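# Secondary and tertiary structure notes
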Amino acid sequence: MERRKFIKKTAITLSAPFWLTSCDTDVLNSNPFPISVSSLAKSGHLIKNALSLKVSKKRQTETLIVGGGLAGIAAAHTLNNKDYLLLELDDRYGGSSSASNYQGVALSRGAHYDLAYPGYYGVEVLKMFEQLGIIEYQGWNDSWSFKDRQHLIPAARRQQCFQKGKLRKAVIPKTEASHKLMEVLRPFEGRMILPTRLTPVDIQYLDQMTFDTFLNDQNIDADPYFRNLIDYQMLDDYGGTSQQVSALAGIHYYTCRPYQKQHVELFSAPEGNQYFANKIHQQLSSHKILNQHLVYHIEKQGAGYLVNALDIIQNQRLEIQTDAIVYAGQKHSLPYIAPEIDSPFNENIYAPWMVVNILTKQKPNNFGFWQNEYLDSESGFLGFIDSSVQYQGNLKGIHCLTGYYCLKPEHRSQLLTVEDHKDRIVNETLTYIRSMVKEPINPEAAFIHVMGHAMPIPTPNYLFKTYPEIGNFNFSGVDTGKLPLLFEAIDSGIMAAKSL
Ligand SMILES: Cc1cc2nc3c(=O)[nH]c(=O)nc-3n(C[C@H](O)[C@H](O)[C@H](O)COP(=O)(O)OP(=O)(O)OC[C@H]3O[C@@H](n4cnc5c(N)ncnc54)[C@H](O)[C@@H]3O)c2cc1C
């Protein structure tokens, strides 16, 4: 490409997300099936309205939990019979591990899976999962197995990978470079733990450099082609490239389970990780949870806090007096919600994600892999999950293809334009999927779920930070210096509740 054109193209790519740049007429066509868009991006505007309302209801509680993602509900589960109230902005719990609902069928619109847990992982989450009937201990290989075996994805059907429309076996094929990479990583096997707060002190220095620097220091092949493959995997799990994420995060990705020594179970229900949220939620008292309630102001009052929330449905202002707070909502809005609290999270960088569920009753013939990875897209499209490989029991004949986009933080403000460009987004997703499955797909509906502050990128010096203690105000959630993983979210909720 001519240099001038290249620069122009790069500038366009950087300045706007794909749905605002694509000129391809195919992707502009409107679709004959309904497309709905869900996003909490507009909730900030509700606050303006809330401020003008008079207090309609008053409540008192010992602990207020802000946010009903995995961290928030894990905190609620830990508080058990104690007096607490959990407020969640969305109309459902689970946050980035929640599901959409189509004709009574729950389908993941965020996190999709987890892997079996080695015996050396942190006991708090393992105990909770055992008590919830999610896992059981297997002495013969010192690991925890999932009990609902129907949701295990068979090893032979786990993934396929496409590069520029061509099928290849794995994201990182077996080459001399990949062999060297595995050799360099081998000493860390068994030492990379979840939750990361239990990481052995002697390897914590790996959090201070980027994964890219670590790879360079270890003389790992610097060929951009090879490094792109590593970047794909970092984006997929962490929302950032190897130049953005820490070496610890990068090494953790490859060595946090005994992949080289034994088969590691992969668990993926059609509702994704809402499966885990459901198990926790089933044991909570429903009267202690208020959905569609936005916490918009917190101030100190005596030894406790005075909290203002908006009941979005009733358009009413709720005032809550609480002795303590577990703040499990994303932290980017903390300075506005709790201006008296000196936020220790101002340097967090969040990757926005967009998930596109395409529903069809027709089950394509040549599908057959759970994860279908797509390398080298310019749009942030990383691939799709095919529900035909998941347990069919609850699917009522519905077939769901879930496309994933990891977007750039600088494009966050343009997420508000998704609604206006929903046809283009779905068409682009269908174009990618069709290029991989090479057969017609006839959707009967599509859902787009937009998450502006979806994934905190584990940049250097992000893990292992110590935060000043604030009286009876505990933080939880993966954006408190954790890797963006289910295990970390739940552990952070348990620990926040325990340390009140
Ligand atoms: C697209 C995607 C795919 C992923 N896939 C996987 C995967 O397959 N496996 C895995 O282990 N991890 C995965 N992750 C990561 C994992 O899902 C998350 O790290 C985890 O669910 C985060 O939980 P959380 O409770 O920390 O935060 P969140 O899920 O972000 O929950 C925060 C909650 O707080 C609520 N909230 C925020 N502010 C307020 C307020 N002011 N008032 C009331 N409520 C508020 C929000 O609505 C939200 O429900 C994925 C993440 C994304 C984005």
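Just so it is clear, the model here is predicted, and its values are computed rather than measured.

### Notes on the packing of aromatic side chains
Taken as a whole and assessed by the stated rule, the structure comprises 32 aromatic pairs. With centroids separated by 6.0 Å and ring planes inclined at 50°, the aromatic side chains of Tyr117 and Phe129 adopt a geometry described as tilted. Separated by 12 residues along the polypeptide, Tyr117 in strand 7 (residues 117–118) and Phe129 in helix 4 (residues 123–131) bring together distant segments of the chain. By relative accessible area, which is 0% here, Tyr117 ends up buried. For the pair Tyr374 and Phe381, a centre-to-centre distance of 5.6 Å together with 70° between the ring planes defines the contact as edge-to-face.

### Focus: the sheet that holds strand 18 (residues 371–375)
Note on sheets: strands pair through backbone hydrogen bonds, and any given pair is parallel or antiparallel. Within the open sheet, the 8 strands sit side by side as 1-21-17-20-19-18-10-11. Their pairing is mixed. Because the sheet does not close on itself, it has two edges, and the strands there are strand 1 (35–39) and strand 11 (166–168). Between one strand and the next, the sheet's axes are offset by a mean angle of 20°, whatever the strand orientation. The sheet contact formed by strand 17 (residues 350–360) and strand 21 (residues 445–456) spans 9 bridges and is antiparallel. Across the sheet, residue Trp353 finds its bridge partner in strand 21, namely Met451. Across the sheet, helix 7 (residues 224–238) is in contact with strand 10 (159–163), strand 11, strand 17, strand 18, strand 19 (381–386), strand 20 (399–406) and strand 21; its angle to strand 18 comes to roughly 130°. Those strands touched by helix 11 (residues 422–437) are strand 1, strand 10, strand 17, strand 18, strand 19, strand 20 and strand 21, and its axis lies near 75° from that of strand 17.

### Concerning the pattern of salt bridges
In this structure the tally under the stated criterion is 14 salt bridges. In this structure, Asp91 engages Arg92 in a salt bridge whose closest nitrogen and oxygen atoms are separated by 2.8 Å. Given a relative accessible area of 39%, Asp91 falls into the partly exposed group. Relative accessible area serves as the criterion here: at 22%, Arg92 is assigned to the partly exposed category. Salt-bridge contacts for Arg227 lead to Asp212; the nearest nitrogen and oxygen are separated by 2.9 Å. Of this pair, Arg227 sits in helix 7 while Asp212 is found in helix 6 (residues 211–217), placing the two residues 15 residues apart along the sequence. Taken together, the salt bridges that share partners define one network made up of Glu124, Arg197 and Asp491.

### Observations regarding the domain arrangement of the protein
Segmenting the protein into domains produces domain 1 (3–40 + 350–456), domain 2 (43–110 + 271–348 + 468–498) and domain 3 (129–151 + 172–267). Centre-to-centre separation of domain 1 and domain 3, based on C-alpha positions: 27 Å. Contacts between domain 1 and domain 3 engage 12 residues on the former and 10 residues on the latter. The junction of domain 1 with domain 3 conceals about 980 Å² of combined surface from both sides, 67% of it contributed by carbon and sulfur atoms. Looking at the side of domain 1 facing domain 3, the largest losses of area belong to Leu375, Leu382 and Tyr391, adding up to 44% of the total buried there. Connecting domain 1 to domain 3 are 0 salt bridges. Counting across the interface, domain 1 meets domain 3 through 1 residue pair in polar contact (both at pLDDT 80 or more).

### A few points about the site of the ligand
What surrounds the ligand is a group of 36 residues, the closest being Glu88, Ser96, Ser97, Tyr113 and Leu486. In the model, an oxygen atom of the ligand is placed 2.8 Å from a nitrogen or oxygen of the Ser96 main chain. Val478 is positioned with one of its backbone polar atoms (N or O) 2.9 Å from an oxygen atom of the ligand. Protein contact buries 94% of the 1000 Å² of open area that the ligand shows by itself. If you list the elements that add at least two residues to the shell around the ligand, you get helix 3 (70–79), strand 14 (293–301), strand 21 and helix 12 (486–498). Across the shell around the ligand, the residue classes break down as 22 nonpolar, 13 polar and 1 charged. Counting contributing residues per domain, the shell around the ligand is built from domain 1 (3–40 + 350–456) and domain 2 (43–110 + 271–348 + 468–498), each supplying no fewer than three.

### Some details on empty space enclosed by the protein
With the rule as written, the count across this model stands at 3 cavities of 30 Å³ or more. Its boundaries defined by the atoms lining it, the largest cavity holds a volume of some 50 Å³. Taken together, Leu107, Ser108, His112, Pro270, Ile385, Asp386, Ser387, Gln390, Cys400 and Thr402 make up the full set of residues lining the largest cavity. Within the residue set of the lining of the largest cavity, elements represented by two or more residues are strand 5 (105–108), strand 19 and strand 20. A breakdown of the residues in the lining of the largest cavity according to their chemical character gives 4 nonpolar, 5 polar and 1 charged.

Scoring rules and cut-offs
- Residues numbered from 1 in each chain as written.
- Predicted model: local features only at pLDDT ≥ 70, side-chain atom pairs only at ≥ 80, totals over all residues.
- Heavy atoms only, no water.
- Phe/Tyr/Trp six-rings, centres within 6.5 Å; stacked < 30°, edge-to-face > 60°.
- Helix = DSSP H or I, 4+ residues; strand = E, 2+ residues; numbered from the N terminus.
- Buried < 20%, exposed > 50% of the residue type's maximum accessible area, 1.4 Å probe, protein only.
- Pairing = 2+ DSSP bridges.
- Axes fitted to C-alpha atoms, helices over the stretch in contact; angles between N-to-C directions.
- Contact = heavy atoms within 4.5 Å.
- Salt bridge = Lys/Arg side-chain N within 4 Å of Asp/Glu carboxyl O.
- Domains from an automatic or database assignment.
- Buried area = accessible area lost by both parts, 1.4 Å probe.
- Polar contact = N/O pair within 3.5 Å; in protein donor to acceptor, adjacent residues only side chain to side chain.
- Near = heavy atom within 4 Å.
- Areas by Shrake-Rupley, 256 points an atom, 1.4 Å probe, with all protein chains shown as cover.
- Nonpolar A, V, L, I, M, F, W, Y, C, P; charged D, E, K, R; others polar.
- 1 Å grid on protein atoms, 1.4 Å probe; cavity = no way out; pocket = protein on both sides within 12 Å on 5 of 7 lines; lining within 4 Å.
- Points joined across faces, edges and corners; volume = space filled by probe spheres on them.

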